[in-house]
Amino acid sequence: MPTADELLSASAVDELARCLRDVAPGRPLPALRRTATALAGRTLSERCRDVRDALLTDLPGDYDEFEAVVRAALSRPAFTGWMIWPVSEAVATRALAAGPADRFDAGLALLADLTPRLTGEFAIRSFLAADLDRTLTAVRDWTRHPDPHVRRLASEGTRPYLPWARKVKALFDRPAATTAVLDALYRDDSEYVRRSVANHLNDLSRIDPELTTATAARWLDAPDVHTAKVVRHGLRTLVKKGDPEAFRLLGFAPAPDIVVTGPVLGDSVVPTGGDLLFEVTLENPGPAPATLVIDYVVHHLRANGTLSPKVFKLTTRGLDPGASLTISRRHSFAPVSTRTYYPGEQAVEVQVNGVRYGRRSFRLGAA
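Residues numbered from 1 in each chain as written. Predicted model: local features only at pLDDT ≥ 70, side-chain atom pairs only at ≥ 80, totals over all residues. Heavy atoms only, no water.

S.K.: Kindly report on the sheet that holds strand 7 (residues 344–352), identifying the contributing residues and their values.
M.R.: Judged by pairing direction, the sheet is mixed, and its 5 strands sit side by side in the order 2-8-7-4-5 without closing on themselves. Strands at the two margins of the open sheet, each flanked by one partner only, are strand 2 (269–270) and strand 5 (307–319). (Pairing = 2+ DSSP bridges. Helix = DSSP H or I, 4+ residues; strand = E, 2+ residues; numbered from the N terminus.)

Okay, structure coming up:
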């Protein structure tokens, strides 16, 4: 993962200042120069805010004056990369503060033009929060744009759980508001766009599973060669949760004839930082072959004494009539930055085509 200084460095801010001075030579840009020398120790988001504020200070005036400078800078090849993020945030701030002049739509259009230089997906959140329907009107037009970066912005910028971005309450209150955008893009020619669509669908699954599976079903009724992959990626969270409709859409029917033995634990006590060893055996005594999505669920102890389940992938296998399959797994409890492990009783179970079997308890830490 690149560091903040590798993404939005002092040299990047200096280059931004050079681009702006080239197109607006009468502006000395003192705030931007000061900001470039004061970035040490600042996070990426803090750097973005600092540079945005410096731009708004150094480029006073109304929205139209501000846009003219930014559009002129677009003629410079060096006006690209992570310097565009704070520029796009400044565009949103100035457009939404325009008052009676109302530069809402102009600001969105400028974000679309900036997007091929990096992205406008973070700045568009301000427009979505200010007026969801008006923003989505422009976004739906972007789904027909010839540039895949702009089409991706339509999907990515409106994701409910967009990484690094502010959450927009209206997207959670009205999750169906963006499905028309996804409907227009799920068969897009660009893998870059389709992957965003799948991630957006996965975001929706965390809010409204029924809306998500209904949307996926609609796509599967009118597929292209890429649709199955898009749907599979978009339903990944529901598959982990064992959602039966998600499994049905992906072609994994319930497997009532399967016999699951285990998980059999290597030990009932796992030392702090150690590994949980377990084994599970699956048998198919039925008359037909079965296709199995096999996962396991670790129920981690939380600080408040409750258990929190997390699903981990094992494998996807076919199992012929009369055949059996034994799988062994070593699950690490080594320290990681994304999870705190608490000593005490935990549990593990196996999940086959969304159905859970054989919950077993074990203790993390001293017996």
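S.K.: An account of helix 14 (residues 209–221) is needed here, citing residue identities and associated values.
M.R.: Here helix 14 is 13 residues long and its end C-alpha atoms lie 18 Å apart, about the 18 Å a rise of 1.5 Å per residue gives. Among all positions of helix 14, only Leu211, Thr212, Thr213, Thr215, Ala216, Ala217 and Trp219 are buried. Tucked into the core, helix 14 has its buried residues touching helix 12 (179–185), helix 13 (191–205), helix 15 (227–234), helix 16 (236–240) and helix 17 (244–249). (Expected span 1.5 Å × (residues − 1). Buried < 20%, exposed > 50% of the residue type's maximum accessible area, 1.4 Å probe, protein only. Contact = heavy atoms within 4.5 Å.)

S.K.: Please give an account of the environment of Leu20 that cites residues and values.
M.R.: Tracing the chain through its elements places Leu20 in helix 2 (residues 10–23). Note on Leu20: relative accessible area 4%, which makes it buried. Sequence spacing of Leu20 and Ala72 is 52 residues, and the spatial spacing of their C-alpha atoms is 8.3 Å. Not counting chain neighbours up to four residues away, the residues in contact with Leu20 comprise Leu29, Leu32, Leu55, Leu59, Val69 and Ala73.

S.K.: So what's going on with the pattern of salt bridges? Which residues, and what values?
M.R.: Applying the stated criterion across every chain, the model contains 26 salt bridges. Between Glu46 and Arg42 there is a salt bridge, and its shortest N-O distance comes to 3.8 Å. Residue classification places Arg42 among the partly exposed positions, given a relative accessible area of 31%. Residue Glu121 pairs with Arg152 through a salt bridge whose shortest N-O separation is 2.9 Å. With Glu121 in the loop between helix 7 (104–114) and helix 8 (124–130) and Arg152 in helix 10 (residues 148–156), the pair connects residues that are 31 residues apart, well separated along the chain. A single burial state applies to Glu121 and to Arg152, both of which are buried. Here the residues in one salt-bridge network are Glu121, Arg152, Glu156, Arg159 and Asp203, joined through shared partners. (Salt bridge = Lys/Arg side-chain N within 4 Å of Asp/Glu carboxyl O.)

S.K.: Can you break down the sheet that holds strand 1 (residues 259–265) residue by residue, with the values?
M.R.: Across the sheet, 3 strands lie side by side as 1-3-6; this open sheet has antiparallel pairing. Looking at strand neighbours, the two that pair on one side only are strand 1 and strand 6 (324–332), the edges of this open sheet. Shown here is a sheet whose adjacent strand axes are inclined to one another by a mean of 15°, direction ignored. Pairing of strand 3 (residues 275–283) with strand 6, which is carried by 9 bridges, proceeds in the antiparallel orientation. Its bridge partner lying in strand 6, Leu277 is registered against Arg330. (Axes fitted to C-alpha atoms, helices over the stretch in contact; angles between N-to-C directions.)

S.K.: An account of the packing of aromatic side chains is requested, with residue identities and associated values reported.
M.R.: What the rule picks out here adds up to 12 aromatic pairs. Between Phe247 and Phe252 the ring centres are 6.5 Å apart and the planes differ by 75°, which places this aromatic pair in the edge-to-face class. Each member of the pair, Phe247 as well as Phe252, is classed as buried. Ring centres of Phe333 and Tyr341 lie 5.1 Å apart, and the angle between their planes is 65°; this geometry places the pair in the edge-to-face category. Grouping aromatic residues by their ring pairs yields a cluster made of Trp82, Trp85, Phe122 and Trp164. If you follow Arg206 out to its NZ or CZ, it ends over the ring of Tyr161, 3.6 Å from the centre. (Phe/Tyr/Trp six-rings, centres within 6.5 Å; stacked < 30°, edge-to-face > 60°. Lys NZ or Arg CZ within 6 Å of the ring centre and 35° of its normal.)

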